[in-house]
Amino acid sequence: MSTLYRHWEIIDRARTGKFMEEEDFLPKHFSPTLKKLIKKYEIKYDPKNPSPTDDAMADRIWQAAWDLFREVGYYNTDSHRIIEVTDEEIKEALYMASDQYVVGGGKDARVMRHRSVEDPEPPFCIMSPDITVDEKYHQSMCMAYLKEPLLDGLCGPILEETFGHLIESGGPTEISGCIQHIQNQKMAARLLGRPDTFMVAVGTAEHDSGQIAVSNDEWGVQKTDARLVGSLTEFKTADTLLNRSLHYAQYGCYTGNLTGAIYGGWCGGSEGTAITTVAYSLIGLVIHGAMFNQHFPFHLNYVSNTTRELLWPISMAGQALSRNSNLLYTSNGFANAGPMTEMLFREVAVHAMVSTVSSWHLWEMASTRNKYRNRATPLEARLGCEVGHAVARQKMSREQANEIANKLLAKYEDHAADAPMGSEYHECYDTAKAVPTVEHMDMFRRVKDEIAQMGVEFPY
Amino acid sequence: MSLEKLSKLVEAGEAEETKVLTEQLLKDGIDPLEMIETLTKTMAHVGELFAKLDIFLPEIMLSGEALTEAVNILAPYLAASGGREIKGKVVLGVVKGDLHEIGKNIVKLILETNGFVVKDLGYNVDSLTFVKEAESMEADFIASSSLMTTTMPRQLEIIEILKSKGIRDKYKVVIGGAPTSQLWADKIGADLFCYDAKSAPELFTAILADK
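Residues numbered from 1 in each chain as written. Chains lettered and ligands numbered in written order. Predicted model: local features only at pLDDT ≥ 70, side-chain atom pairs only at ≥ 80, totals over all residues.

Novice: When you look at the overall build of chain A in this model, what are you seeing that I'm missing?
Specialist: Broken down by element type, chain A carries 15 helices and 22 strands. Taking all 460 residues of chain A together, the buried fraction comes to 62%. Partitioning the intrachain contacts of chain A with sequence separation of at least 6 by distance along the chain shows that 78% fall at a separation of at least 24. (Helix = DSSP H or I, 4+ residues; strand = E, 2+ residues; numbered from the N terminus. Buried ≥ 20, exposed ≤ 12 C-beta atoms within 10 Å, placed from the backbone. Contact = placed C-beta atoms within 7 Å.)

Novice: I'm lost on helix α15 (residues 438-453) of chain A in this one. Help?
Specialist: Along an α-helix, residues three or four positions apart point the same way, because every turn accommodates 3.6 residues. Residue and element names in this part refer to chain A. For α15, with 16 residues, the first-to-last C-alpha span of 23 Å sits near the 22 Å given by 1.5 Å per residue. Along α15, the positions that sit buried rather than exposed are H440, M443, F444, V447 and I451. For α15, the angular spread of the buried residues around the axis is 100 degrees, confining them to a single face. The exposed set on the far side of α15, more than 90 degrees from its buried face, consists of V438, E439, D442, R445, R446, D449 and Q453. Along its buried surface, α15 packs onto α11 (342-357), α12 (378-393), α14 (425-428) and β22 (435-436). Just past α15, the residue G455 takes up positive phi, approximately 125 degrees. (Expected span 1.5 Å × (residues − 1). Arc of directions from axis to C-beta.)

Novice: Explain the sheet that holds strand β5 (residues 192-193) of chain B here, please?
Specialist: The strands that make up a sheet are held in pairs by hydrogen bonds between backbone atoms, and each pair lies either parallel or antiparallel. Residue and element names in this part refer to chain B. Here we have 5 strands laid out as an open sheet, ordered β2-β1-β3-β4-β5, and parallel in their pairing. The two strands at the open ends of the sheet, each matched to only one other strand, are β2 (116-120) and β5. Pairing of strand β3 (residues 141-145) with strand β4 (residues 172-176), which is carried by 5 bridges, proceeds in the parallel orientation. When the sheet's bridge partners are listed, S144 is paired in β4 with I175. (Pairing = 2+ DSSP bridges.)

Novice: Explain the interface of chain A and chain B here, please?
Specialist: Accessible area lost upon the coming together of the parts serves often as the stated size of an interface. Across the contact, 26 residues belong to chain A and 16 residues belong to chain B. Among the residues forming the side of chain A that touches chain B, the class breakdown is 10 nonpolar, 11 polar and 5 charged. (Nonpolar A, V, L, I, M, F, W, Y, C, P; charged D, E, K, R; others polar.)

Novice: Looking at this structure, I do not really get the sheet that holds strand β1 (residues 18-19) of chain A. What am I missing?
Specialist: Residue and element names in this part refer to chain A. Spatially, the 4 strands line up as an open sheet ordered β1-β3-β2-β14, and their pairing is mixed. Edge positions in the sheet fall to β1 and β14 (236-237), since each has one partner strand and no second. Contacts from helix α1 (residues 7-16) reach β2 (74-76) and β3 (81-83) within the one sheet, and its direction differs from that of β3 by about 155 degrees. (Axes fitted to C-alpha atoms, helices over the stretch in contact; angles between N-to-C directions.)

Novice: Explain the domain arrangement of chain B to me, please; I cannot follow it from the model alone.
Specialist: Residues and elements named next belong to chain B. Segmenting chain B into domains produces domain 1 (3-80) and domain 2 (88-209). One C-alpha centre belongs to domain 1, the other to domain 2, and the line joining them spans 27 Å. At the junction of the two partners, domain 1 supplies 7 residues and domain 2 supplies 4 residues. Of all the secondary-structure elements, those providing two or more residues to the side of domain 1 that touches domain 2 are α3 (32-51) and α4 (57-80). Looking at which element gives the most residues to the side of domain 1 that touches domain 2, the answer is α4, with 4 residues. (Domains from an automatic or database assignment.)

Novice: Looking at this model, I keep getting lost on the packing of helix α6 (residues 127-137) of chain B against helix α7 (residues 153-164) of chain B. Mind explaining?
Specialist: Relative orientation and spacing of two packed helices are given, respectively, by the angle between their axes and the distance between those axes. Residues and elements named next belong to chain B. α7 packs onto α6 with a crossing angle of 50 degrees between their chain directions and a minimal axis gap of 8 Å. Classified by the angle between their axes, α6 and α7 sit oblique to one another. Handedness of the crossing formed by α6 with α7: right-handed. Of α7, the residues touching α6 (which contributes S127, L128, F130 and V131) are R154, E157, I158, I161 and L162. (Parallel < 35°, antiparallel > 145°, perpendicular 65-115°, else oblique. Left-handed = near helix turned anticlockwise from the far one by under 90°.)

Novice: Whenever I open this one, the environment of A416 of chain A confuses me. Can you help?
Specialist: Residues and elements named next belong to chain A. Topologically, A416 is positioned in the loop between α13 (398-412) and α14. Taking C-alpha positions, A416 is 19 Å from P129, a pair spaced 287 residues apart along the chain. In this structure, A416 is in contact with Y302, S304, T307 and N336, ignoring residues within four places of it in sequence.

Novice: For this particular structure, what's the right way to read the pairing of β3 of chain B?
Specialist: Across a regular strand the side chains alternate sides, sitting on one face of the sheet and then on the other. All names here are of chain B. For β3, a buried count of 5 out of 5 residues is recorded, marking the element as mostly surrounded by other parts of the structure. Side chains F141, A143 and S145 project from β3 onto one buried face, and the interleaved I142 and S144 project onto a second face that is buried too. The β-α-β motif built from β3, the intervening α7 and the parallel element β4 has right-handed crossover chirality. (Right-handed = clockwise from strand over helix to strand, strands pointing away.)

Novice: Got a minute to help me understand the confidence of the model for chain B in this structure?
Specialist: In low-pLDDT segments, the atomic positions of the prediction should not be examined closely. Here chain B averages 91 in pLDDT, and 97% of its residues register 70 or above. Reported for the predicted complex are a pTM of 0.93 and an ipTM of 0.92. (pLDDT = per-residue confidence, 0-100.)

Novice: Would you mind showing me how to read the pairing of strand β17 (residues 292-295) of chain A here?
Specialist: Residues and elements named next belong to chain A. Burial of the side chains of β17 extends over both faces: F292 and Q294 are buried on one face and N293 and H295 on the other. The pairing of strand β15 (residues 254-259) with β17 spans 4 bridges and is classified as parallel. Of the residues in β17, the one forming a bridge with G256 is F292.

Novice: Would you explain unusual backbone geometry in this entry?
Specialist: Glycine aside, residues mostly have negative phi angles, and peptide bonds mostly take the trans form. Residues and elements named next belong to chain A. In this chain, A201 is followed by V202 through a cis amide linkage whose omega measures 0 degrees. On the secondary structure map, V202 appears in the loop between β12 (198-199) and α7 (208-213). The amide bond that connects E364 to the next residue, M365, takes the cis arrangement and shows omega of 5 degrees. Considering the arrangement of structural elements, one finds M365 in strand β20 (residues 361-366). Non-glycine residue S359 carries a positive phi angle of around 95 degrees. One can find S359 in the loop between α11 and β20. Among the residues examined, S359 registers 25 C-beta atoms within 10 Å and is labelled buried.

Novice: Would you mind going over the packing of helix α9 (residues 270-286) of chain A against helix α10 (residues 308-324) of chain A with me for this structure?
Specialist: All names here are of chain A. Relative to each other, α9 and α10 sit at 40 degrees, their axes nearing to 8 Å. Judged by the inter-axis angle, α9 sits oblique to α10. In the packing of α9 onto α10, the handedness of the crossing is right-handed. Note on element contacts: α10 touches α9 through E309, W312, P313, M316, A317, A320 and L321, opposite S270, T273, A274, T277, V278 and S281. In terms of residue class, the contact of α9 with α10 is built from 8 nonpolar, 4 polar and 1 charged.

Novice: Could you clarify how one ought to interpret the nonpolar core in this entry?
Specialist: Note on soluble globular proteins: their nonpolar side chains tend to be buried together. One finds I61, A65, I275 and M353 of chain A to be the most contacted residues of the largest nonpolar core, which totals 205 residues. A domain split of this core shows at least three residues from each of domain 1 (3-80) and domain 2 (88-209) of chain B. Those residues in contact with I61 of chain A, other than ones at most four positions away along the chain, are I43, A274, I275, V278, M316, A317 and A320 of chain A. (Core = buried A, V, L, I, M, F, W, Y, C linked by C-beta atoms within 7 Å.)

Novice: What should I look at first to understand helix α2 (residues 15-27) of chain B in this one?
Specialist: Residue and element names in this part refer to chain B. Between its first and last C-alpha, α2 extends 19 Å over 13 residues, near the 18 Å set by a 1.5 Å rise per residue. Buried residues belonging to α2 abut α1 (3-12), α3 and α4. Within two residues after α2, G29 carries a phi angle of roughly 90 degrees, on the positive side.

Novice: Just to check I follow, could you spell out the environment of K91 of chain A for this structure?
Specialist: All names here are of chain A. You can see K91 is positioned in helix α4 (residues 87-96). Assessed through the 11 C-beta atoms surrounding it within 10 Å, K91 is described here as exposed. Sequence spacing of K91 and V286 is 195 residues, and the spatial spacing of their C-alpha atoms is 9.7 Å.

This is the structure:
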């Protein structure tokens, strides 16, 4: 069950907690505490191993993350006060957290379960472009994702315009755009014959009012769906975010906690990124009552997480969470390259492989640094999820994943800074039929064959 | 006791020791202008390290704090000799509806350590506030950051307010933030798309020279 039974006490602390000026919170409180804990628990990044096997360090990362959350707390930028929790409250929340949830409805319902390290059960696969798309392609792209066989859940593309009007956060255009977003997504699911597919929606809503406007079991986000609540970088929240988690709980849908610890930012390097990512899962559970945590740690300069300095913390964070809790968490890939490039296919394969053997569920795939409109397609998500299923079913070890990851990294790692932007959705998909072009499929098969030859045993 | 030692203290982010040594060097008769020139080079070096992520945000922020300690001590002496060169005055903030400010904070630090005066308006800033603050400080630049696609229209709103008030040409309008692009800058009529923090001083200086 959710830990929202404590929500009012948590909200109360956002008003009565320790006062601190916002400009002091990160440089004088968060970063020094994190630095101290990295040293205390002897956390050390190993660049040779993007899929490490150090169980003892995974456990120390868990402990460091626990201490980080308890010692630093969670800052509310509206009240300038710190929400602090106790060891007892964290333990209670972990005891109460369920290790599985049924999401979606009817014949489309799926079970999302806690995974172990090197788990033979395939990961739960949420697919998402994570980017904005032209209004004219929105429904087509939703349909194209829903045509993916391995899709267990969909987070649709984001709208920038609604009926020709630029969507402005907090304004009426956002409310309209959010309704258009969920209706396009639901209509696509109905037309495809997967009407009750689990959805995480709506990404078009930046403001809480946009999210609240689409809570409707008949035509909007249903109670069998999930919504996300984010954090501000790092360890900060605001009333507009707390409004969301309270509304989601009161409406009755699932809550996902959306966080991306920034490598190079206040977390520092790979060690701090791993610890912060794990701590965010505890924050999601205790503060927001999240059923799952959706993590996308990323590189400050590249805005990606497919290079080794990010793969290591992703892997270690997954292992830490798996070995010490029964929580659910998705690994959200951010690639450097754009659609219909071999580099993107290799990036998603490495991200999915390392994540899967490290116990994560998958959320694939933000392409082209999650920056450019129309530059993401379902085909890269397909490859990531096929890799995830394959490595789980063949019981791939972390060592083997490490070996393959290093081979693939050698092919793209040096191009992180100058990665090709590739094509837009309409250039590599038939948008009317929502299927990939022949050229795009040919490239997909070519890279898939290359990965298969390295030892990934695709089921089909 | 040397300029080299001062440089190392700033690079290491040792604010208190920087303060003590700056005062000592002044007593020893070292030229304040020479000290500032040394520290400017130091911060350029620190900026390069950060750009490559050989160091991380907490470290460059500490270096910035140490530099501020030194500059605060040196400022009166520099004023007497004509003052430290100010390359431009900037009003900087994150647009209304957007609460993400890490990028804006990095730009602020890089600009300040490269001779710009920056008024930081924070985040979730109303478009009219950008304009009013620019008027108040007689700024050269109005620079806004947006991290979300649905808050980008507020960057256009700033330009529209400037036009409505008949003062569009008084300011160089700069935009930045993850989802923004040269395409967006062209579309809304911004003067400059700032694609990353480390390039900001050079880009700002170049565009001001064209004014």
